[in-house]
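Report on the structure
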Amino acid sequence: MNNTSCESAQCDFLPGVHPHEILTRSQYLMANFILTCFIMPVIIVIGLPTNIINCVVFWRQGLGDRMNVCLFALSLVDLSMVSVPTLYSIAYYTEQSDPVTHAGLSWYFQVYMSGVGHGFRTASGFITIVIAVERCLCVTFPLKAASLISTRTMATTVLLIAVLTQVAFLTIPMTMRVEVVQVSNSTIIGIGDSDFYRENQVFFTIFENMIMLNVVPLATFIIICVCTALTVVKLRAAMTWRKTTSCSSEGGQGQHTALTKMLVLVCCVYILTTIPWVIFYLANVTVHEFSLVGQYYNLYMTSIVTVYYFPYINSSLTQKGEQVTGPPYTGKVFLARKKKPDPWYIRVLELSLCGAVAAALYCYYYFEYVHFHVTHGYAHLGYSEAQHQLLTNYFACITGVGVEKHADKAMEWFRKAADQGHPHAAYNLAIGHLKGYQTDLKPGESHRLIHHAASKGVKEAHHVLNNVCTLGHCV
């Protein structure tokens, strides 16, 4: 062990490798891997064709009815929403197939299309509000609902929702830019803050982070919950009253009740898929350490990537409910036909889904094993990011397990990544040296590594540089 000391109040490891982390970084990466490589493809395979079919169904039924207009708009918005990650996947794999020609393609897509995805997600929630409010008015004021919301008013409303939500999220591309950094003989491409964002950080923090990404979704959730609850209460009362009285137009009332139940189901699915985000938001507000700079960084990041997928699940599931209900009964009777065998591509799709589920289960139960060997392979190929991530597999020394065995390995991979210019690895290697772990750093080299990390934007390195190194402790 080294004799060098470092006060914990002045320098500490970066978020993600904190001793009191609930989840390890490898668990976070494995969760992200399962969601990206298995869950999202299933959502895309189900969501795209389902929404396309529903758009065609509602179009052919005609847009003369206000609710058909609303459901057609919801299907179209959800189709566009599911298309965004589909296009991102195409951009990502195009870049991976030819990194030289298409360098940074996925990063540019993320900068300029992330606002579009947020806009469609918010528009889907607003249209669901329109559905919830419309059904609530129909059940509460059945004789006045038609005059309160006309078909033209509904069409204008959904059109304004689609346009205004896209305009509102134009701020996201303004806050980011793609940065290309030359490190040794390699080029690193990433996303950084734009100059326009730095000059107007207060405005973007209030409008984008607080209002559009927090207040608006929470208000949407509350409005839909209240309207859906009122609709259910009023509908149950109306059905109870209808059972005790005679009604000559029971067939029409039955269709109206079935439509209301289906739309209530649409709202309930939205509520259920939004509850995880509400829990995440409340935890972020009430638990200080549950943040990007807290000791529960890995749990925070895992929660972000998990709740991110629930709106896509909603955009697929609710449309299936709409499709099942279908158009009103027309009196036609269809004779049963002999079922034809499934075509080959259906069988391939079924086998692919079974394989995806099996692979996801394997990764879930053996995620440490899978992540270790995948990362280990990339680390031996010379990828500095993989070398830095591999430390989490040897970092049992931080929690007090296998100290002598794993500490040297962790510092070894820190060293390899730092030699390639990886700023976070350089910082962690220097901090490990200052905390007394065995390294091969020469006198004064820890100061150079911390200075390098600080020059690359590692905020913690600035703090250590100003509060520890200035006192002569970075030796």
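Criteria and thresholds
Residues numbered from 1 in each chain as written. Predicted model: local features only at pLDDT ≥ 70, side-chain atom pairs only at ≥ 80, totals over all residues. Heavy atoms only, no water. Helix = DSSP H or I, 4+ residues; strand = E, 2+ residues; numbered from the N terminus. Buried < 20%, exposed > 50% of the residue type's maximum accessible area, 1.4 Å probe, protein only. Contact = heavy atoms within 4.5 Å. Areas by Shrake-Rupley, 256 points an atom, 1.4 Å probe, with all protein chains shown as cover. Phe/Tyr/Trp six-rings, centres within 6.5 Å; stacked < 30°, edge-to-face > 60°. Core = buried A, V, L, I, M, F, W, Y, C linked by side-chain atoms within 4.5 Å. Expected span 1.5 Å × (residues − 1). Bend = angle between axes of the 7 residues up to and from the residue. Polar contact = N/O pair within 3.5 Å; in protein donor to acceptor, adjacent residues only side chain to side chain. Patch = residues over 30% accessible without salt bridge, like charges linked within 9 Å, V, L, I, M, F, W, Y side chains within 5 Å. Salt bridge = Lys/Arg side-chain N within 4 Å of Asp/Glu carboxyl O. pLDDT = per-residue confidence, 0-100. Axes fitted to C-alpha atoms, helices over the stretch in contact; angles between N-to-C directions. Parallel < 35°, antiparallel > 145°, perpendicular 65-115°, else oblique. Left-handed = near helix turned anticlockwise from the far one by under 90°. Nonpolar A, V, L, I, M, F, W, Y, C, P; charged D, E, K, R; others polar. Arc of directions from axis to C-beta.

**Focus: the overall build of the chain**
Scanning the chain from terminus to terminus reveals 19 helices and 2 strands. Scored against the burial criterion, the 475 residues of the chain give a buried share of 42%. Across the chain, contacts joining residues at least 24 apart in sequence account for 71% of those joining residues at least 6 apart. Looking at the chain as shown, the accessible area adds up to about 26100 Å², and 65% of this sits on carbon and sulfur atoms.

**Here we look at the packing of aromatic side chains**
Scanning all chains against the criterion turns up 14 aromatic pairs. When the ring of phenylalanine 203 is compared with that of phenylalanine 204, the centres are 5.4 Å apart and the planes differ by 65°; the resulting orientation is edge-to-face. When its relative accessible area of 2% is taken as the criterion, phenylalanine 204 is described as buried. With 5.6 Å between their ring centres and 70° between their planes, phenylalanine 280 and phenylalanine 290 make a pair best called edge-to-face. Taken together, the residues span a long stretch of sequence, with phenylalanine 280 in helix H9 (residues 250–286) and phenylalanine 290 in the loop between H9 and helix H10 (297–307) at a distance of 10 residues. Side by side, phenylalanine 280 and phenylalanine 290 carry an identical accessibility label, which is buried.

**Focus: the nonpolar core**
The biggest cluster of nonpolar side chains holds 56 residues, and the ones touching the most others in it are Cys70, Leu71, Ile127 and Ile131. When contributions to this core are tallied by element, the ones reaching two or more residues are helix H1 (25–61), helix H2 (66–97), helix H3 (105–140), helix H5 (151–168), helix H8 (201–244), H9 and H10. When residues in this core are grouped by element, the largest group, 13 residues, is from H2. Formed by 24 residues, the second largest nonpolar core is a distinct cluster that contains Ala418, Ala426, Tyr437 and Ala453.

**Some words on H1**
With 37 residues, H1 should reach 54 Å at 1.5 Å per residue; the first-to-last C-alpha distance of 51 Å fits that figure. Of all the bends in H1, the largest measures some 35° and sits at isoleucine 39, one to four residues before the proline proline 41. At the C-terminal side of H1, glycine 62 shows a positive phi close to 100°.

**Quick look at the side chain of threonine 273**
When you line up the elements, threonine 273 lands in helix H9. A distance of 3.1 Å separates a polar atom in the side chain of threonine 273 from the backbone oxygen of tyrosine 270. Filtering out sequence-adjacent residues up to four positions away, threonine 273 remains in contact with Phe310, Ile313 and Asn314.

**Notes on a nonpolar patch on the surface**
On the surface, Leu159, Val163, Val167, Leu170, Met174 and Phe196 cluster together into a nonpolar patch covering about 560 Å² of accessible area. At 3 residues, the largest contribution of residues to the nonpolar patch is made by H5. Looking at the secondary structure, you find valine 163 in helix H5.

**Topic: the confidence of the model for the chain**
The predicted coordinates ought not to be read in detail in places where the model reports low pLDDT. Predicted confidence across the chain gives a mean pLDDT of 75, with 72% of residues reaching 70 or more. Model confidence for the chain, summarised as mean pLDDT per element, is weakest for helix H15 (residues 391–394) at 54 and strongest for H5 at 90. pLDDT under 50 marks residues 247–252. Its contacts with residues more than four places away, or in other chains, come to 1 contact. Scored below 50 in pLDDT, residues 396–405 shows 12 contacts in the model against residues more than four places distant or in partner chains.

**Side note on the pattern of salt bridges**
What the rule picks out here adds up to 4 salt bridges. Across the pair arginine 66 and glutamate 134 runs a salt bridge, and its minimum N-O distance is 2.8 Å. With arginine 66 in helix H2 and glutamate 134 in helix H3, this pair connects stretches of sequence that are 68 residues apart. In this structure, arginine 66 and glutamate 134 share a single accessibility class: buried.

**With respect to the packing of H3 against H5**
At a minimum axis separation of 8 Å, H3 and H5 run at an interaxial angle of 155°. Classified by the angle between their axes, H3 and H5 sit roughly antiparallel to one another. Crossing of H3 over H5 shows right-handed handedness. For the pair H3 and H5, contact is made by Gly115, Val116, Gly119, Phe120, Thr122, Ala123, Phe126, Ile127, Val130 and Glu134 and by Met154, Thr157, Val158, Ile161, Thr165 and Gln166, respectively. In terms of residue class, the contact of H3 with H5 is made up of 9 nonpolar, 6 polar and 1 charged.

**Observations concerning helix H19 (residues 459–467)**
Within the sequence span of H19, burial applies to Ala461, Val464 and Leu465. Angular distribution of buried residues about the axis of H19 spans 100°; they occupy a single face of the element. For H19, the exposed residues set more than 90 degrees away from the buried face come down to Lys459 and Asn466. Elements in contact with the buried residues of H19: helix H17 (423–434) and helix H18 (445–455).

**What to know about the environment of glutamine 27**
On the secondary structure map, glutamine 27 appears in helix H1. What makes glutamine 27 partly exposed here is its relative accessible area of 22%. Remark: the alpha-carbon pair of glutamine 27 and asparagine 298, spanning 271 residues in sequence, is separated by 8.2 Å.

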